[in-house]
Amino acid sequence: MFQNNPLLSQLKQQIRESKQQVEGIVKSSDKAFGFLECDKKSYFIPPAAMKKVMHGDKIKALIEVVGDKEQAEPDELIEPMLTRFIARVRFNKDKKLQVLVDHPQINQPIGASQHKSVQEELQEGDWVVATLKTHPLRDDRFFFAQIQQFICKADDELAPWWVTLARHEQSRYPVKGLDSYEMQDQQTREDLTALHFVTIDSETTKDMDDALYIEAIQQDEQQTGWRLVVAIADPTAYIALDSQIEKEAKQRCFTNYLPGFNIPMLPPELSDDLCSLMKDKVRPALVCYIETDLAGNITAKPHFVSAYVQSKSKLVYDRISDYLENKANTWQPENEQEKQQINLLHQFTLARIEWRKQHSLLFKERPDYSFILAENGKVQEIKAEYRRIANQIVEECMIIANICAAQYLDEHAKCGIFNTHLGFDKKSLENVQQFLLVNLANEETQAELTERYSSENLATLAGYCQMRHDIEVIEGNYLELRLRRFLTFAEFKAELAPHFGLGLTGYATWTSPIRKYSDMVNHRLIKATLTNSECEKPQDEVLARLQEARRQNRLVERDIADWLYCRYLADKVEQKTTFKAEIQDVMRSGLRVQLAENGASVFIPSSQLHNNKDEMQANADELAMYIKGEVAYKIGDIIDVQLLEVKEETRSIIGTVIQ
């Protein structure tokens, strides 16, 4: 009787249009109800209405008044939280296939089917990739998904790796190589095999892409500087531009360095063998000659050549560091030439460190954390590794080589792939100035610092470097961590631009072509200039892909690490181990801290900081937590924490402060 009744439909439309309509993001709770978070207001979503939506959905909703409270009735889907997602297989009591979304805020099972391309017989808990096929607000049906890809079995010890790679749509497999390789470029190469090149790497490194040779520059029997010769492996000599290997490298962009193993950008027979600068093997290389004075200043334009080189010594970081630090009963150089190379490289490095301290910026000394794994993927220990002198030798040689490449590409190729960073976001410069004046100025220096930290000055490379030098001498990390929030992101550009983070006017990497696609591109451009060939400017799509791949790789590394931290720290809850930790973020909900011993990220809820939430206030500008009107915690503070709970299923670690 009422079906298709135009009057009834008109009445419903009038009622609908009379209600307030809002847009927002659905936030679920640990109960059946949820909230719609709008720009300036939050609306209650009752349990029955939450069945129509998913945490994270962007929706339009109608606002109804029930009693004296406003609540949201989901009306239209703008953007679903789920499209492609990671899930675990589940079977309900009727043995019907379902999936559980791998997300800490989404816990309702979703009915599912198995795509015909998925041949595995699925078991409870298996990891899969699924796509959402129906949504109650879009299709007037229940939630339903389709399993598109099998990832791994429920009990696979390597699930953290396989699941994370699948989440970020990255391959777990190396690039397929060729049965044989032939030299692609036929340009003349200088024979530099007589020079005593050395490599410095970890003992297990196979993909050695840089070798070093150094000699003193003499004038009137006095040393006036150094001539550094940097030889870099030349994979582009074997890779045709139209080859599948090139296409794969262009998509992957980087070797993926993961805890326990790597996924190389190039086929292993290239990266670990044919191109690797292995001891006693003659290899094609792109070589740069760099001259400096004794203070580390570059005194001549860089000179690039294509060459053949032969590494004479495979040196190991820790052994070289022990030797240079004069530790007792340590490794010694095998011959006088090896000893001379090590000592000259050491002297050169000290001079370059001092040069960068005065003229650019040094890296803040922080450890790298490495996972030591058993064959089954179990974490045996986590080591905090600090940069020692041998690491600094390689680092300084690569930095000066990349400075020279930027200069050379800008002058000769008029393009390249440049690593750039433009410092503070222009919109934040006034806030940065006020922050610095409040935290650094006193009555005697107020006028001077107002000029030094003017927006105009902070926007220049010189002004930014001056500011960084000013805060380096101040104890603690508060200023540095707080100022990070105002910075722009590093970018790849096809034209020369400064890198504020390094304090340099230009920087273009070419020293890791086995591991970075940008370096392969720069190799081809440098080699084109050597043969007077045309230099093709890198396309915007290549720069965008590099940017995205770098972001993805960092997320992959972080997500796997979070998972492994949970496995490693699970038994530390009962042991009540106390850890030193640095506060990394301050939020209304609590603190995010990093454990100094192993690098794990731990969340401390506000309830663990003080027992009366009405006496607590988080200051987003200061990144500080106030209790009873006083600053109790701020970013950069070092505190003692203990672990309360480790949840591997959500990769989260909860802790508490030890007073």
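Residues numbered from 1 in each chain as written. Predicted model: local features only at pLDDT ≥ 70, side-chain atom pairs only at ≥ 80, totals over all residues. Heavy atoms only, no water.

## Re the overall build of the protein chain
Phase 1 of the analysis: Helix and strand content of the protein chain: 17 helices and 30 strands.
Phase 2 of the analysis: Principal-axis analysis of the C-alpha atoms gives the protein chain an extent of 105 × 70 × 55 Å.
Phase 3 of the analysis: Counting every position in the protein chain, which comprises 659 residues, the buried fraction comes to 50%.
Phase 4 of the analysis: Long-range contacts, defined as pairs at least 24 residues apart, comprise 66% of the intrachain contacts of the protein chain with a sequence gap of at least 6.
Phase 5 of the analysis: Summed over all atoms, the accessible surface of the protein chain reaches about 34000 Å², with 47% contributed by carbon and sulfur. (Helix = DSSP H or I, 4+ residues; strand = E, 2+ residues; numbered from the N terminus. Buried < 20%, exposed > 50% of the residue type's maximum accessible area, 1.4 Å probe, protein only. Contact = heavy atoms within 4.5 Å. Areas by Shrake-Rupley, 256 points an atom, 1.4 Å probe, with all protein chains shown as cover.)

## Brief notes about the packing of aromatic side chains
In this description, a pair of aromatic rings is defined by centroid distance and the angle of the planes.
Phase 1 of the analysis: In total, this model carries 16 aromatic pairs according to the counting rule given.
Phase 2 of the analysis: Where tyrosine 323 meets tryptophan 331, the ring centres are 6.2 Å apart and the plane angle is 85°; that geometry is what we call edge-to-face.
Phase 3 of the analysis: Relative accessible area serves as the criterion here: at 11%, tyrosine 323 is assigned to the buried category.
Phase 4 of the analysis: Since its relative accessible area comes to 23%, tryptophan 331 is described here as partly exposed. (Phe/Tyr/Trp six-rings, centres within 6.5 Å; stacked < 30°, edge-to-face > 60°.)

## Examining the UniProt feature "domain: S1 motif" (unreviewed entry) in the protein chain
Phase 1 of the analysis: Look at the UniProt record and you will see "domain: S1 motif" (unreviewed entry) annotated at residues 576-658.
Phase 2 of the analysis: The annotated region residues 576-658 carries 0% helix and 60% strand content, and the separation between its end C-alpha atoms amounts to 11 Å. (UniProt positions renumbered as here; feature names shortened; annotations may be inferred.)

## Observations concerning unusual backbone geometry
Phase 1 of the analysis: Non-glycine residue asparagine 326 carries a positive phi angle of around 60°.
Phase 2 of the analysis: On the secondary structure map, asparagine 326 appears in the loop between α7 (317-324) and α8 (336-359).
Phase 3 of the analysis: Phi is positive for leucine 623, close to 50°, though the residue is something other than glycine.
Phase 4 of the analysis: Tracing the chain through its elements places leucine 623 in the loop between β26 (616-619) and β27 (624-627).
Phase 5 of the analysis: Look at leucine 623 and you get buried, because its relative accessible area is 4%.

## Here we look at the nonpolar core
Phase 1 of the analysis: Ranked by size, the top nonpolar core spans 79 residues in total, and within it Leu228, Val230, Val287 and Trp510 carry the most contacts.
Phase 2 of the analysis: Tallying contributions element by element places helix α9 (residues 389-413) first for this core, with 14 residues.
Phase 3 of the analysis: For valine 287, the contacting residues outside a window of four places in its chain are Leu192, Val229, Val230, Ala231, His303, Phe304, Val305, Ala307, Val309 and Trp510. (Core = buried A, V, L, I, M, F, W, Y, C linked by side-chain atoms within 4.5 Å.)

## Focus on the packing of α9 against helix α15 (residues 517-530)
Phase 1 of the analysis: For the pair α9 and α15, interaxial distance at closest approach is 10 Å and the crossing angle is 50°. In terms of orientation, α9 and α15 fall into the oblique class. For the pair α9 and α15, the crossing hand works out as left-handed. Packed against α9, whose contacting residues are Tyr408, Leu409, His412 and Ala413, the element α15 presents Asn522, Leu525, Ile526, Thr529 and Leu530 at the interface.
Phase 2 of the analysis: Residue composition of the contact of α9 with α15, by class: 6 nonpolar, 3 polar and no charged. (Axes fitted to C-alpha atoms, helices over the stretch in contact; angles between N-to-C directions. Parallel < 35°, antiparallel > 145°, perpendicular 65-115°, else oblique. Left-handed = near helix turned anticlockwise from the far one by under 90°. Nonpolar A, V, L, I, M, F, W, Y, C, P; charged D, E, K, R; others polar.)

## Observations regarding the pairing of strand β20 (residues 379-385)
Strand residues, when the strand is regular, have side chains that alternate between the two faces of the sheet.
Phase 1 of the analysis: As paired strands, strand β19 (residues 368-373) and β20 are joined by 6 bridges and run antiparallel to one another. When the bridges of β20 are listed, aspartate 368 appears paired with glutamate 385.
Phase 2 of the analysis: Here β19 hands over to β20 after 5 residues, with glycine 377 in that stretch at a positive phi of 90°. (Pairing = 2+ DSSP bridges.)

## Description of the environment of lysine 580
Phase 1 of the analysis: With respect to the secondary-structure elements, lysine 580 resides in strand β23 (residues 578-587).
Phase 2 of the analysis: Note: C-alpha distance between lysine 580 and isoleucine 639 (59 residues apart in sequence) is 5.8 Å.
Phase 3 of the analysis: What lysine 580 contacts, discounting residues up to four positions off in sequence, is Gln594, Leu595, Ala596, Ile638, Ile639 and Asp640.
Phase 4 of the analysis: In terms of polar contacts, lysine 580 uses its side chain to reach the side chain of aspartate 640, at 3.1 Å. (Polar contact = N/O pair within 3.5 Å; in protein donor to acceptor, adjacent residues only side chain to side chain.)

## Side note on the pattern of salt bridges
Phase 1 of the analysis: Counted according to the given criterion, the structure contains 45 salt bridges.
Phase 2 of the analysis: Between arginine 189 and aspartate 234 there is a salt bridge; the shortest N-O distance is 2.7 Å. Taken together, the residues arginine 189 in the loop between α4 (159-167) and β11 (190-191) and aspartate 234 in the loop between β14 (222-233) and α5 (244-252) connect sequence positions 45 residues apart.
Phase 3 of the analysis: Look at arginine 189 and you get buried, because its relative accessible area is 12%.
Phase 4 of the analysis: When the shortest N-O distance is used, the salt bridge between glutamate 203 and arginine 319 registers 2.8 Å. Here the residue glutamate 203 occupies a position in the loop between β12 (197-201) and β13 (210-219), and arginine 319 occupies one in helix α7, the gap between them amounting to 116 residues.
Phase 5 of the analysis: For arginine 319, a relative accessible area of 35% translates into the label partly exposed. (Salt bridge = Lys/Arg side-chain N within 4 Å of Asp/Glu carboxyl O.)

## Structural notes on the sheet that holds strand β28 (residues 630-634)
Phase 1 of the analysis: The 3 strands are arranged β26-β27-β28 in an open sheet whose pairing can be described as antiparallel. The outermost strands of the open sheet, each flanked by one partner alone, are β26 and β28. Averaged over all neighbouring strand pairs, the angle between strand axes comes to 30°, with direction disregarded.
Phase 2 of the analysis: In the sheet, β27 pairs with β28 via 4 bridges, with the strands oriented antiparallel. Across the sheet, residue alanine 624 finds its bridge partner in β28, namely lysine 634.

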